[in-house]
Amino acid sequence: MTSTRSVTVAGGQLAYTDSGSPVGPALVLLHGWPQTRGCWDQLAVLAAPTHRVIAFDLPGIGDSASVHTDGTKHQIAAVLHEALAALGVAEAVFVGHDIGGMVVYDYIHHYDDAARAVILDAIIPGIDPWDQAMANPRLWHFAFHATPSLPETLVRGRELAYFSHFFDPLTHPDHRIPEARQKDYTTAYATPGALTAGFDLYRALPTDSEHNRKLKACPTPLLYLRGAHGIGKATTNLGTYRDGLVDAGNQAVTAGLIPDSVHYLPEENPASTWQVISDFIND
């Protein structure tokens, strides 16, 4: 059974979808940009027989529009920690994609209720190969989104066309994100506040980077996954990201590739993504 609910946190109501076994271990899912909790729908069905699956809309976005943060992943992690405490979740496995993966990274370094963590195709601010990635012209949108006011001015009213520029090239040709789903995401970001909240996630990246570089060792077991058809040589890139996490003090890191996927792993190949995550959880 799946239900859409909200939990009161400082400043407003954080929306989430609650599904699966009410007595099973908690699985907390955090989406990336420009998505909502809906990106986890297919994976949640697969996880539901064994887990209580909680998928949040990040603060400021979608049905969580009333909750405001400065866009830093540290502040967002604090909001999520508050929400989970209110829900009575004492321990969980955290899974984050893209920006959501950045939030997971911060969370496991500051809170002890993360049993395990999974990061899907995210560049972690301040952690190798962050500097190299930021110099890659293919990631031009990081700087554009961080520009004050300009992205809102140019994108407002053209959200679907702009978002499609990311969805279509960054998905496997056999596993496109359906147009109806892309329209759902567009609707979630169409208000001025939500559009700004999304871009603020990028405006906060320099602060995130400085913060992450100062973090100490983290013992939480961490699984890092990328798409096998992602940008560059997947195997080489995977090793670079894994090594960067290890060098940053993450003490139990494993890494892998998800076949038939580029960037949006939970939507392109939910079955393989969940299988790898499940194996990691049960190892």
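Whatever comes next refers back to the structure up there.
S.K.: Before we go on, may I ask you to explain the packing of aromatic side chains in this structure?
M.R.: Each aromatic ring pair is specified by the distance between its two centres and by the angle formed by the two planes. Summed over all chains, the structure comprises 19 aromatic pairs. Note on Trp 33 and Tyr 202: the rings are 5.7 Å apart at their centroids and 85° apart in plane angle, and the pair reads as edge-to-face. Of the two residues, Trp 33 sits in the loop between β3 (26–30) and α1 (41–47) while Tyr 202 sits in helix α9 (residues 192–203), which places them 169 residues apart along the sequence. Ring geometry for Trp 130 versus Phe 142: centroids 6.2 Å apart, planes at 65°, classification edge-to-face. One end of the pair, Trp 130, is in helix α4 (residues 130–134); the other, Phe 142, is in helix α5 (residues 140–146), with twelve residues separating them in the sequence. Since its relative accessible area comes to 7%, Trp 130 is described here as buried. By relative accessible area, Phe 142 is classed as buried at 11%.

S.K.: When you look at the sheet that holds strand β5 (residues 92–97) in this model, what are you seeing that I'm missing?
M.R.: Where strands meet in a sheet, backbone hydrogen bonds hold them as pairs that are either parallel or antiparallel. Judged by pairing direction, the sheet is mixed, and its eight strands sit side by side in the order β1-β2-β4-β3-β5-β6-β7-β8 without closing on themselves. Here the strands that pair on one side only, and so sit at the sheet edges, are β1 (3–9) and β8 (253–258). Direction aside, neighbouring strands of the sheet carry axes that sit 25° apart on average. Pairing analysis gives five bridges linking β3 to β5, with the strands arranged parallel. Bridging across to β5, Leu 27 finds its partner in Val 93. Here helix α3 (residues 99–110) sits on the sheet in contact with β3, β5 and β6 (114–120), set at roughly 145° to β5.

S.K.: Can you walk me through the pairing of β1 in this structure?
M.R.: Side-chain positions along a regular strand alternate between the two faces of the sheet. Alignment of β1 against strand β2 (residues 12–20), held across seven bridges, turns out to be antiparallel. Bridging across to β2, Ser 6 finds its partner in Ala 15.

S.K.: Teacher, can you tell me more about the packing of helix α7 (residues 159–167) against helix α8 (residues 179–189) here?
M.R.: To describe two helices that pack against each other, one gives the angle between their axes and the distance between the axes. At their nearest, the axes of α7 and α8 sit 9 Å apart, and the two run at 125° to each other. Between α7 and α8, the crossing angle belongs to the class labelled oblique. When the axes of α7 and α8 are compared, the crossing they make is right-handed. Residue-level contacts link Glu 159, Leu 160, Phe 163, Ser 164 and Phe 167 of α7 to Gln 182, Lys 183, Tyr 185, Thr 186 and Tyr 189 of α8. Taken together, the residues of the contact of α7 with α8 break down into five nonpolar, three polar and two charged.

S.K.: Is there a simple way to think about the side chain of His 172 in this case?
M.R.: Note on placement: His 172 falls in the loop between α7 and α8. With sequence-adjacent residues up to four places away left out, His 172 is seen in contact with His 229, Asp 260, Ser 261, Val 262 and Glu 268.

S.K.: Looking at this model, I keep getting lost on the nonpolar core. Mind explaining?
M.R.: If you look at the biggest cluster of nonpolar residues, it comprises 88 residues, and the most contacted ones within it are Leu 14, Leu 27, Trp 33, Phe 56 and Val 95. Of the residues forming this core, the biggest block, seven residues, is contributed by α3. If sequence neighbours within four positions are ignored, Trp 33 has contacts with Asp 98, Ile 99, His 145, Tyr 162, Phe 163, Phe 166, Tyr 189, Gly 198, Phe 199 and Tyr 202.

S.K.: Sorry if this is basic, but what is going on with unusual backbone geometry here?
M.R.: Negative phi values dominate among residues other than glycine, just as trans dominates among peptide bonds. Backbone torsion omega between Trp 33 and Pro 34 reads 0°, so that peptide bond is classified as cis. Inspection of the secondary structure assignment puts Pro 34 in the loop between β3 and α1. A cis amide bond links Asp 128 with the next residue in sequence, Pro 129, at an omega value of 10°. Tracing the backbone through its elements, the reader meets Pro 129 in the loop between β6 and α4.

Basis of the calculations
Residues numbered from 1 in each chain as written. Predicted model: local features only at pLDDT ≥ 70, side-chain atom pairs only at ≥ 80, totals over all residues. Heavy atoms only, no water. Phe/Tyr/Trp six-rings, centres within 6.5 Å; stacked < 30°, edge-to-face > 60°. Helix = DSSP H or I, 4+ residues; strand = E, 2+ residues; numbered from the N terminus. Buried < 20%, exposed > 50% of the residue type's maximum accessible area, 1.4 Å probe, protein only. Pairing = 2+ DSSP bridges. Axes fitted to C-alpha atoms, helices over the stretch in contact; angles between N-to-C directions. Contact = heavy atoms within 4.5 Å. Parallel < 35°, antiparallel > 145°, perpendicular 65-115°, else oblique. Left-handed = near helix turned anticlockwise from the far one by under 90°. Nonpolar A, V, L, I, M, F, W, Y, C, P; charged D, E, K, R; others polar. Core = buried A, V, L, I, M, F, W, Y, C linked by side-chain atoms within 4.5 Å.

Any link to function would need more than the numbers given here.
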